[in-house]
There are 2 protein chains.
Amino acid sequence: MSVITSKQCACKWVLQHQHKFKQVVRSCSLRVKQKLGYDQEEKTNEQNEYDSEYTFRYADLTTKLCDPSQLRAKPDVSELKFGQIFTDHMLKVFYHKQLRGWQKPSIIPFENISLHPAAKVLHYSIELFEGMKAYRGVDGRIRLFRPDLNMQRMNVSALSVGLPTFDTHELTKCISRLIQIDQEWVPHSESSSLYIRPCIIGIDGTLGVVQSDSALLYTILCPVGGYFSSSSTSDVGVSLLADPAYIRAWPGGLGDRKTGSNYGPTIRVQKTAALKGLHQVLWLYGPDNQVTEMGTMNCFMFYVEENGQKVLVTPPLNGLILPGVTRHSVIELCEKWNEFRVEQRTITMDEIIKLSQSGRLLEIFGSGTAASISPVSMIEFLGQNIHIPTVEHAQPLYKRIRDRLAAIQYGHCEHPWAVPIE
Amino acid sequence: MSVITSKQCACKWVLQHQHKFKQVVRSCSLRVKQKLGYDQEEKTNEQNEYDSEYTFRYADLTTKLCDPSQLRAKPDVSELKFGQIFTDHMLKVFYHKQLRGWQKPSIIPFENISLHPAAKVLHYSIELFEGMKAYRGVDGRIRLFRPDLNMQRMNVSALSVGLPTFDTHELTKCISRLIQIDQEWVPHSESSSLYIRPCIIGIDGTLGVVQSDSALLYTILCPVGGYFSSSSTSDVGVSLLADPAYIRAWPGGLGDRKTGSNYGPTIRVQKTAALKGLHQVLWLYGPDNQVTEMGTMNCFMFYVEENGQKVLVTPPLNGLILPGVTRHSVIELCEKWNEFRVEQRTITMDEIIKLSQSGRLLEIFGSGTAASISPVSMIEFLGQNIHIPTVEHAQPLYKRIRDRLAAIQYGHCEHPWAVPIE
């Protein structure tokens, strides 16, 4: 059991991955670079500032707006589902190795993407994505939540599938401009937000499992309500299928990257859960049935030790788990509160069952950008229904965390995690 | 050590997967159905014959040919690389759940594919493919090699990622028609062939990791020479990087399906191999470093036991290995020759090293549709270069197998595996 302390945790997920990759270091923030001891590379980076192999630049952004007649009506906020409706514009940046790398970014009217039928993304899953949100604050300002972490993770994913990396600040600026243009699409509601989907796909029109020398980075936006179709789950709790027969990720694989390859294989398992009337899959690993992820979320458990001490625990970043931005924020929040112990260590199904039986299991919840904080009410495991009383407490932790995150995101308080789009 | 005999092996890979899936059974050949005891379903299938939820039909195929001015010049056969040049036409079949499933198949001029930017294939790797070849025989006739096995495997892959299945005979007929139309693209050469790439992609334009209710099945064709850029490897042998740090597939995953998710994550490892000057990756699994696959090929080892008995061994279909059509054919051929023992069992790096040191390791070779039979000359494993004398024998087994397969494929002899396109 390895318990990770507050200090070790800070920036851990960025550091854990990025120290390996020289190329990513070029696109890290100065602060991360200093932590990593890469100060001396700064000069080289300056020299590379105009090098399109290294990055595209916001300064080169071109914009072609929709004709006013093309602008679509905004949906009714109360009817918003996840990922169904998109805004009027999109951001596109091509990369062509033979044309010295990144081309000029452009914002254009939302349109279909035209791909060669042999495009590598369509055959070999040379693709990655990110998920972020923009929130309209009580003061009317639009804020992003910790976009730097998503951008850095995007570069780490890119390296995994041989796609090009970029300067994270440049993409943040381009995306912020896109949101400004489509700002009327950011819902005027605290139960909704604008979901931001940046991705990179390999577009070489050649067969053969090799690196794609051409790529398309693009970003689309969609106003969203809750992630789950039944909005009630945010208070009633989700039910989970935990079946050791299905493994999402494994050591030596890419389970900790936001690459398409981690998602397609989960569809059949998600279907199995749905056929049983369950909401999501609780992913297990190993002979001791370690809990890894929950659907597309990270997983937290809140319980009481025999001595009465309360503990919040989440599985460690051991390569089997996506380093979630919300996960990271939950850990930081709770450590700052300093009211209970926060641990990153392995959770097994045995532990969940024992805690449940002894009445010491308080809450299990998932964390993610799309679904924020989702309480769990039940786990089906090997024919056994394990009741989880997450939503039955008067003042549950999951709700406190969700409210605190929302307060930051919707500008009820000033906080460095919420970055206004000027 | 589980040794599988000839009879058990027959049709094993089809049976092993398909008994689980009622939906696939509908699209199996009658012979497979009888083996599986699904005869009673036959009536239902007949009733479903015109049901577009079940399959599209060759009888509905529409064809729109290129204008003669659009036809492109055929490349010089001696300069053919793998997967670079495509023929004049392609096959497309759409599936829309809301429009009662499969639409009418069509052959059209080769063109780009237009996708919604949220298409599930671009984000969640909801995609699968197959690889087959058409060969121009010495008698001028064009033959496919065991297309039934590829088509059945395609349906098994489809189920894994929630994509629709189809009647395998109908697709074979549609593809055969496409090849007829582009028949002048089938090289007049026994060192070349026409590579056939059928695939299905999920095209729902919505975010969210759920099944795609719309799909596009399409097939493109390209005349190909050898798979490796250096043509010399077919006689000199390929070099392999075997690094236990990288795992391609794992129990509980989809390592035995031809889905895109198995390929994207291999790019970085392939790059690592290339940086070391090595051709391919030898994929290992487990603490005992079991050999699973070789690049995108199945793996065979030929050696002599201490008692002088020769043995051909290949890893078993345990879920970590693609059930290759060439693999299956090599096993059947060698069992029929009955000159040495053929085994499907685990091979470890320890065994390879020991056999190599004792001089009893004769050959290691890969098998696959793209690269046929590829001899191995060297394996780099934990800093050690293991010499493999595959290409140093006067009459190596790999060459005998390759020549026998080529004789079947290019019509030097009549054989049920080679199916002429009439």
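Only a predicted model underlies this, so the values are computations on that prediction, with no experimental measurement involved.

**Thoughts on the interface of chain A and chain B**
Taken together, the 62 residues of chain A in the interface contact 62 residues of chain B. Summed over both partners, the interface of chain A with chain B comes to about 4800 Å²; 61% of that surface belongs to carbon and sulfur atoms. At the surface where chain A touches chain B, the tally comes to zero salt bridges. Along the contact surface separating chain A from chain B lie 29 residue pairs in polar contact (both at pLDDT 80 or more). Secondary structure elements with two or more residues in the side of chain A that touches chain B: β5 (113–115), α6 (120–124), β6 (127–129), α7 (147–160), β9 (193–202), β10 (214–224) and α10 (267–275) of chain A. Residues that form the side of chain A that touches chain B fall into these classes: 35 nonpolar, 21 polar and six charged. Relative to strand β5 (residues 113–115) of chain B, β5(A) is paired through three bridges, and the arrangement is antiparallel. When the sheet's bridge partners are listed, I113(A) is paired in β5(B) with L115(B).

**With respect to the pairing of strand β17 (residues 361–368) of chain B**
Residue and element names in this part refer to chain B. In terms of residue burial, β17 counts as a mostly covered element, since eight of its eight residues are buried. Note that strand β14 (residues 298–304) and β17 share six bridges and pair antiparallel. Residue pairing for β17: N298 is matched across the bridge by S367. Two strands pair when backbone bridges link them, and β17 and strand β18 (residues 372–381) are joined in this way by four bridges, in the antiparallel orientation. Each bridged residue has a counterpart across the sheet, and for G368 the counterpart in β18 is S372. Linking β17 back to β18 in an antiparallel pair, the connection comprises three residues.

**Here we look at the packing of α7(A) against helix α8 (residues 168–181) of chain A**
All names here are of chain A. Between α7 and α8, whose axes approach to 9 Å, the crossing angle comes to 120°. Our classification of the angle between α7 and α8 gives oblique. Relative to α8, α7 is oriented so that their crossing is right-handed. Every residue of α8 that contacts α7 at P147, M151, Q152, M154 and N155 is listed here: T168, L171, T172 and I175.

**What to know about the packing of aromatic side chains**
To describe a pair of aromatic rings, one takes the distance between the centres and the angle between the planes. This structure, assessed with the given rule, holds 27 aromatic pairs over all chains. Judged by centre distance (5.2 Å) and plane angle (75°), the rings of Y95(A) and W102(A) are edge-to-face. What links up through ring pairs into an aromatic cluster is the set F56(A), Y95(A), W102(A) and F166(A). If you follow R400(B) out to its NZ or CZ, it ends over the ring of W337(B), 3.9 Å from the centre.

**Thoughts on the UniProt feature "modified residue: N6-(pyridoxal phosphate)lysine" (unreviewed entry) in chain A**
Residues and elements named next belong to chain A. In this structure's numbering, the residues bearing the UniProt feature "modified residue: N6-(pyridoxal phosphate)lysine" (unreviewed entry) are K258. Considering the arrangement of structural elements, one finds K258 in the loop between β11 (238–242) and α10. On the accessibility criterion, K258 (10% relative accessible area) is buried. In contact with K258, not counting residues within four places along its chain, are L128, F129, E130, G131, R153, S157, Y263 and L322.

**A short note on the relation of the copies chain A and chain B**
It takes a turn of 180° to lay chain A on chain B, together with a shift of 0.0 Å along the axis; the resulting RMSD is 0.0 Å. Such a turn and shift between the copies fits a two-fold axis. With an isologous cut-off of 70% or more, the 100% of interface residues of chain A that recur at the interface of chain B puts this contact in the isologous class.

**What to know about the confidence of the model for chain A**
On average, residues of chain A score 89 in pLDDT, and 86% of them are at 70 or above. In the predicted complex, the global pTM is 0.90; the interface-specific ipTM is 0.90.

**Here's the deal with the pattern of salt bridges**
Residues and elements named next belong to chain A. Under the definition given, this model contains 34 salt bridges over all chains. The residue R143 makes a salt bridge to D139 at a minimum N-O spacing of 2.7 Å. Residue classification places D139 among the partly exposed positions, given a relative accessible area of 41%. In the salt-bridge network here, residues are joined through shared partners; they are E305, R341, E343, R345 and E351.

**Observations regarding the domain arrangement of chain A**
All names here are of chain A. Considered domain by domain, chain A is made up of domain 1 (45–224) and domain 2 (232–420). Centre-to-centre separation of domain 1 and domain 2, based on C-alpha positions: 28 Å. In this assembly, domain 1 packs against domain 2 so that about 2600 Å² is buried in total across both faces, 59% of it on carbon and sulfur atoms. The interface formed by domain 1 and domain 2 holds two salt bridges in total. Here E332 makes a salt bridge to R146, at a shortest N to O gap of 2.7 Å. At the surface where domain 1 touches domain 2, the tally comes to 18 residue pairs in polar contact (both at pLDDT 80 or more). For the side of domain 1 that touches domain 2, the secondary structure elements donating two or more residues are β6, β7 (132–136), β8 (142–145), α7 and β9. Per-element tally for the side of domain 1 that touches domain 2: the top contributor is α7, with seven residues. For the side of domain 1 that touches domain 2, the residue count by class is 14 nonpolar, ten polar and nine charged.

**Brief notes about the side chain of S239(A)**
When you line up the elements, S239(A) lands in strand β11. Contact partners of S239(A), with chain neighbours within four places excluded, come to G277(A), L278(A), H279(A), Q280(A), S377(A) and M378(A).

**Notes on α8(A)**
All names here are of chain A. Helix length check: α8 (14 residues) gives 20 Å between terminal C-alpha atoms against 20 Å at 1.5 Å per residue, within 8%. Those residues of α8 lying buried are T168, E170, L171, T172, C174, I175, S176, L178 and I179. Near the N-terminus of α8, the side chain that reaches the backbone nitrogen of H169, with its oxygen 2.9 Å away, is that of D167.

**Digging into the state of the cysteines**
Residues and elements named next belong to chain B. For the structure on display, the rule yields zero disulfides over all chains. C222 provides the cysteine sulfur closest to C66, a residue in no disulfide bond, and the two sulfurs are 16 Å apart. Relative accessible area serves as the criterion here: at 13%, C66 is assigned to the buried category.

**A word on the pairing of strand β2 (residues 89–96) of chain B**
Residues and elements named next belong to chain B. The buried fraction of β2 is high, at six of eight residues. By the bridge criterion, four bridges tie β2 to strand β4 (residues 106–109) in an arrangement that is antiparallel. Residue pairing across strands places L91 opposite I107, the latter belonging to β4. Across six bridges, the pairing between β2 and strand β10 (residues 214–224) is antiparallel. Paired with K92 across the strands is Y218, a residue of β10. Where β2 meets strand β3 (residues 101–102), two bridges bridge the pair, whose relative direction is antiparallel. By the bridge assignment for β3, H96 is matched with G101.

**Some words on the side chain of T55(B)**
Residue and element names in this part refer to chain B. Here T55 shows up in the loop between α5 (42–47) and β1 (62–63). Polar side-chain contacts of T55 include one of 2.8 Å to the backbone nitrogen of D167. When sequence neighbours within four positions are dropped, the list of residues in contact with T55 reads W102, F166, D167 and E170.

**Some details on the nonpolar core**
In this structure, L115(A), L122(A), I179(A), L115(B), L122(B) and I179(B) are the most contacted members of the largest nonpolar core, which totals 124 residues. Contacts of I179(B), omitting those with residues within four sequence positions, involve A134(B), I142(B), L144(B), V186(B), L194(B), I196(B), L221(B) and I421(B).

Basis of the calculations
- Residues numbered from 1 in each chain as written.
- Chains lettered and ligands numbered in written order.
- Predicted model: local features only at pLDDT ≥ 70, side-chain atom pairs only at ≥ 80, totals over all residues.
- Heavy atoms only, no water.
- Contact = heavy atoms within 4.5 Å.
- Buried area = accessible area lost by both parts, 1.4 Å probe.
- Salt bridge = Lys/Arg side-chain N within 4 Å of Asp/Glu carboxyl O.
- Polar contact = N/O pair within 3.5 Å; in protein donor to acceptor, adjacent residues only side chain to side chain.
- Helix = DSSP H or I, 4+ residues; strand = E, 2+ residues; numbered from the N terminus.
- Nonpolar A, V, L, I, M, F, W, Y, C, P; charged D, E, K, R; others polar.
- Pairing = 2+ DSSP bridges.
- Buried < 20%, exposed > 50% of the residue type's maximum accessible area, 1.4 Å probe, protein only.
- Axes fitted to C-alpha atoms, helices over the stretch in contact; angles between N-to-C directions.
- Parallel < 35°, antiparallel > 145°, perpendicular 65-115°, else oblique.
- Left-handed = near helix turned anticlockwise from the far one by under 90°.
- Phe/Tyr/Trp six-rings, centres within 6.5 Å; stacked < 30°, edge-to-face > 60°.
- Lys NZ or Arg CZ within 6 Å of the ring centre and 35° of its normal.
- UniProt positions renumbered as here; feature names shortened; annotations may be inferred.
- Least-squares fit on C-alpha atoms with pLDDT ≥ 70 in both.
- pLDDT = per-residue confidence, 0-100.
- Domains from an automatic or database assignment.
- Expected span 1.5 Å × (residues − 1).
- Disulfide = S-S within 2.5 Å.
- Core = buried A, V, L, I, M, F, W, Y, C linked by side-chain atoms within 4.5 Å.

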